[in-house]
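# Survey of secondary and tertiary structure
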Amino acid sequence: MLVLALRSVRQRPGRFLTTLLSAFLGAAIVMAFNSLHDTAGAPGVDAVSSETLRTAAGVVGGYGTLLVFFAVASALTVNVRQRAAELELLRRSGATPGQLRRMVVGEALAVALVGTAAAVLPAVLGGRLLVELFQDTGQVAASVDHSFGAVALSSGVFVTPAASAGAALLALRRVTRGRRRTVRRRPVFAWAALTAGAVAASSTFAFSSTDEMLMAFPAQGAILLSVGFALMAPRLLTGVLGRLTLGGASGWLAVRNLRRRAGELSGILMALILFTAVSTATLTMQAVESDEVAASGLVKSVDAKNLETLNYTVVGIIVVFVCVMLVNSLYAATTYRGREFGQQRLAGATPGQVLGVVGVEGLVLTVVGLLFGTLAALAGIVPFTVVRSDAVLPGQLTGVWTAVAAVGAAATVGTSLFTARRVLRTPAVRAVGVAA
């Protein structure tokens, strides 16, 4: 089966393109930040610089590892779902569940290793840029030289393939065993995350406006609430669609398609909710904190500068990965609808009408993701702003939210329309015949 896996990757590389991109970006980010451990441990690095580098590597490296797993899992889930018929044929031909697992995991490992190898040079350059960023802000001494050594390489060689293998097993389990057990467990985890998020956000009022830990609890609360909403994504989407009525043929068909594919689209909605909540909450609270410090005339401490840099860096990584997850999932899901689009055109729909349906679907997903992501973000922003500045809604929120919404809408609607337009280039008869 491992030989079959390698042959499958070699014969049909386009099928694994989205997985390869996720593994490449994940390995590059993980190795770039773990190279800060190598830099911090180099001879002659002072204690302050070493602490700054190790803190950044530990915090962002941990986030990066989780995001690698989720990004690769998202791409592999779509990949395995689209190959359900192929896997079923192999099973009926005598392949055991263990052989199927080894084949899918072998494919994931092969793609991950290729992605990791390609990511070494970008990781070296990225790590060097990170050190220069810390030096420009005065957090790391100018005499410190970037090092890319054993810690960075081992993190790429072991973390990315391991995350890919775990994601492959998860994807195969979802497709071959169904989702009933996952659906039963999901509300429990969702309500636990929502409860923990509400407690963390409300704990903000126990701190003073000058406490160094003030931002930690509302940020954690917003993240946990967004995780809770994300786990409830299928139910949230179904609930919104049950109350949504859109006029016109495109609107009616879009709502119908979304209801039918609510489970498949839950991964896209989860990514949108997490992206909106984490980005909006972190950037808004950091902007409020920076403005308050500037208004007081005080100078930021090294710890405050480290926190600010980490906040912006974490948000940047989340933006990159969520966009990759959205683009990968939407590209694969929309490409897979070639037969559906062909049938619609044979039934009398014009390419413009098909694109209209896809655009409305993307717009509905974007609005639902922004709605619940914003609610989670506000649960952290409001307590923080009340304690820090005696206001309720900060003025910085408008600009931040607008930018976040624009990125989310561009990634969702733009990718859907771009991919659908490419799929529609195939003649309708051929699309139906090939898919059949």
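Analysis parameters
- Residue numbers restart at each chain and count upward from 1, following the sequence in its written direction.
- Selection of residues for local features in this predicted model requires a pLDDT of at least 70, selection of side-chain atom pairs for listing and counting requires 80 or more, and totals for whole chains, interfaces and linings are taken over all residues.
- The side-chain numbers reported here are obtained from all heavy atoms of the structure, hydrogens and water having been left aside.
- The helix count covers DSSP runs of H or I at least four residues long, the strand count covers runs of E at least two residues long, and both are numbered beginning at the N terminus.
- A 1.4 Å probe rolled over the protein chains alone gives each residue an accessible area, and that area as a share of the maximum for its type sets the label: buried under 20%, exposed over 50%, partly exposed in between.
- By the convention used here, residues are in contact when the closest approach between their heavy atoms is within 4.5 Å.
- Areas reported as accessible are Shrake-Rupley estimates using a 1.4 Å probe. Residue values count occlusion only from the protein chains shown.
- Summary of the metric used: pLDDT quantifies the predictor's per-residue confidence within the range 0 to 100.
- For patches, a residue must show more than 30% relative accessible area and have no salt bridge; joins then use 9 Å for like charges and 5 Å for nonpolar side chains, namely Val, Leu, Ile, Met, Phe, Trp and Tyr.
- Put simply, a salt bridge is a Lys or Arg side-chain nitrogen that is within 4 Å of an Asp or Glu carboxyl oxygen.
- His is not counted here, nor are the chain ends, while Lys and Arg score as positive and Asp and Glu score as negative.
- Every charge is mapped to an atom, namely NZ of Lys, CZ of Arg, CG of Asp or CD of Glu.
- Helix axes are fitted to C-alpha atoms over the stretch in contact, other axes to C-alpha atoms as well, and angles between N-to-C directions run from 0 to 180 degrees.
- Oblique is the label for every angle not falling under 35 degrees (roughly parallel), over 145 degrees (roughly antiparallel), or within 65 to 115 degrees (roughly perpendicular).
- Crossings are assigned a handedness: left-handed for a near helix turned anticlockwise from the far helix by less than a right angle, right-handed for a clockwise turn.
- Asp, Glu, Lys and Arg are counted as charged, while Ala, Val, Leu, Ile, Met, Phe, Trp, Tyr, Cys and Pro are counted as nonpolar; the rest, among them Gly, fall into the polar class.
- Here the expected length of a helix is defined as 1.5 Å per residue gap, with one fewer gap than residues.
- Throughout, the arc means that of the directions going from the helix axis to the C-beta atoms.
- Stacked, edge-to-face and tilted are the three classes for Phe, Tyr and Trp ring pairs, Trp counted by its six-membered ring, which pair at centre distances within 6.5 Å; planes under 30 degrees apart are stacked, over 60 edge-to-face, the rest tilted.
- Nonpolar cores are built from buried Ala, Val, Leu, Ile, Met, Phe, Trp, Tyr and Cys residues. Side-chain atoms within 4.5 Å join them into one set.

## Some thoughts on the overall build of the chain
Counting its secondary structure elements, the chain contains 16 helices and 0 strands. Relative to its 436 residues, the chain shows a buried fraction of 48%. When contacts within the chain are restricted to residue pairs at least 6 apart in sequence, those whose partners lie at least 24 apart make up 84%. Looking at the chain as shown, the accessible area adds up to about 20,000 Å², and 65% of this sits on carbon and sulfur atoms.

## With respect to the confidence of the model for the chain
Of the residues in the chain, 89% have a pLDDT of 70 or more, and the chain-wide mean is 82. Ranking the elements of the chain by mean pLDDT puts helix α1 (residues 2–11) last with 51 and helix α14 (residues 351–389) first with 92. Scored below 50 in pLDDT, residues 179–183 makes 5 contacts in the model with residues more than four places away or belonging to other chains.

## Quick notes on a negative patch on the surface
Taken together, the side chains of Glu51, Asp211, Glu212 and Asp303 define an acidic patch exposed on the protein surface. Positionally, Glu51 belongs in helix α3 (residues 47–82). Look at Glu51 and you get exposed, because its relative accessible area is 51%.

## Some details on the pattern of salt bridges
The tally for this structure, following the rule as stated, stands at 3 salt bridges. Taking the shortest distance from any N to any O, the salt bridge between Arg388 and Glu289 comes out at 2.7 Å. Of this pair, Arg388 sits in helix α14 while Glu289 is found in helix α11 (residues 262–296), placing the two residues 99 residues apart along the sequence. Taking relative accessible area as the criterion, Arg388 reaches 15% and is therefore assigned buried. With its nearest N and O atoms 2.8 Å apart, the salt bridge here joins Glu361 to Arg337. In this pair, Glu361 sits in helix α14 while Arg337 sits in the loop between α12 (302–335) and α13 (338–346), placing the two residues 24 residues apart along the sequence. When its relative accessible area of 5% is taken as the criterion, Glu361 is described as buried.

## Looking at the packing of helix α8 (residues 216–231) against α14
The geometry of α8 relative to α14 is characterised by a closest axis approach of 8 Å and an angle of 160° between their N-to-C directions. Relative to α14, the element α8 is oriented roughly antiparallel. Crossing hand, α8 versus α14: right-handed. Packed against α8, whose contacting residues are Pro218, Ala222, Leu225, Ser226 and Phe229, the element α14 presents Phe372, Leu375, Ala376, Ala377, Ala379, Gly380 and Phe384 at the interface. Here the residues of the contact of α8 with α14 sort into 10 nonpolar, 2 polar and no charged.

## Side note on the packing of α8 against helix α9 (residues 233–242)
Each packed pair of helices is defined by two parameters, the angle between the axes and the distance between the axes. Across the interface, α8 lies against α9 with an axial gap of 4 Å and an inter-helix angle of 65°. By the angle class used here, α8 and α9 are roughly perpendicular. The residues of α9 that touch α8, namely those facing Phe229, Ala230 and Leu231, are Ala233, Pro234 and Leu236. Of the residues belonging to the contact of α8 with α9, the class tally is 6 nonpolar, no polar and no charged.

## Quick notes on the environment of Gly26
Note on placement: Gly26 falls in helix α2 (residues 17–40). Between the C-alpha atoms of Gly26 and Phe321, which are 295 residues apart in sequence, the distance is 8.1 Å.

## Description of helix α10 (residues 248–260)
Between its terminal C-alpha atoms α10 stretches 19 Å, which fits the 18 Å expected from 13 residues at 1.5 Å a residue. Burial in α10 covers these residues: Gly251, Ala254, Val255, Asn257 and Leu258. End-on view of α10: buried residues confined to an arc of 165°, all on one side of the axis. More than 90 degrees from the buried face of α10, the exposed residues found are Ala249 and Trp252.

## What to know about α13
The set of residues buried in α13 consists of Gly338, Glu340, Phe341, Gly342 and Gln344. One or two positions beyond α13, positive phi appears at Gly348, with a value near 120°.

## A closer look at unusual backbone geometry
Even without glycine at this site, Asp390 takes up a positive phi of about 65°. Assignment of secondary structure puts Asp390 in the loop between α14 and α15 (396–423).

## A closer look at the packing of aromatic side chains
In this description, an aromatic ring pair is defined by two values, namely the gap between the centres and the angle between the planes. Here the structure, examined in full by the defined rule, presents 2 aromatic pairs. Where Phe229 meets Phe372, the ring centres are 5.5 Å apart and the plane angle is 55°; that geometry is what we call tilted. Taken together, the residues Phe229 in helix α8 and Phe372 in helix α14 connect sequence positions 143 residues apart. When sorted by exposure, Phe229 lands in the same class as Phe372, which is buried.

## Notes on the nonpolar core
Membership of the largest hydrophobic core comes to 54 residues, with the highest contact counts inside it found for Phe33, Leu36, Leu53, Phe229, Leu237 and Leu326. No other element matches α11, which puts 10 residues into this core. Leaving out residues up to four positions away in the same chain, Leu53 has contacts with Leu36, Thr39, Ala40, Phe134, Val140 and Val144.

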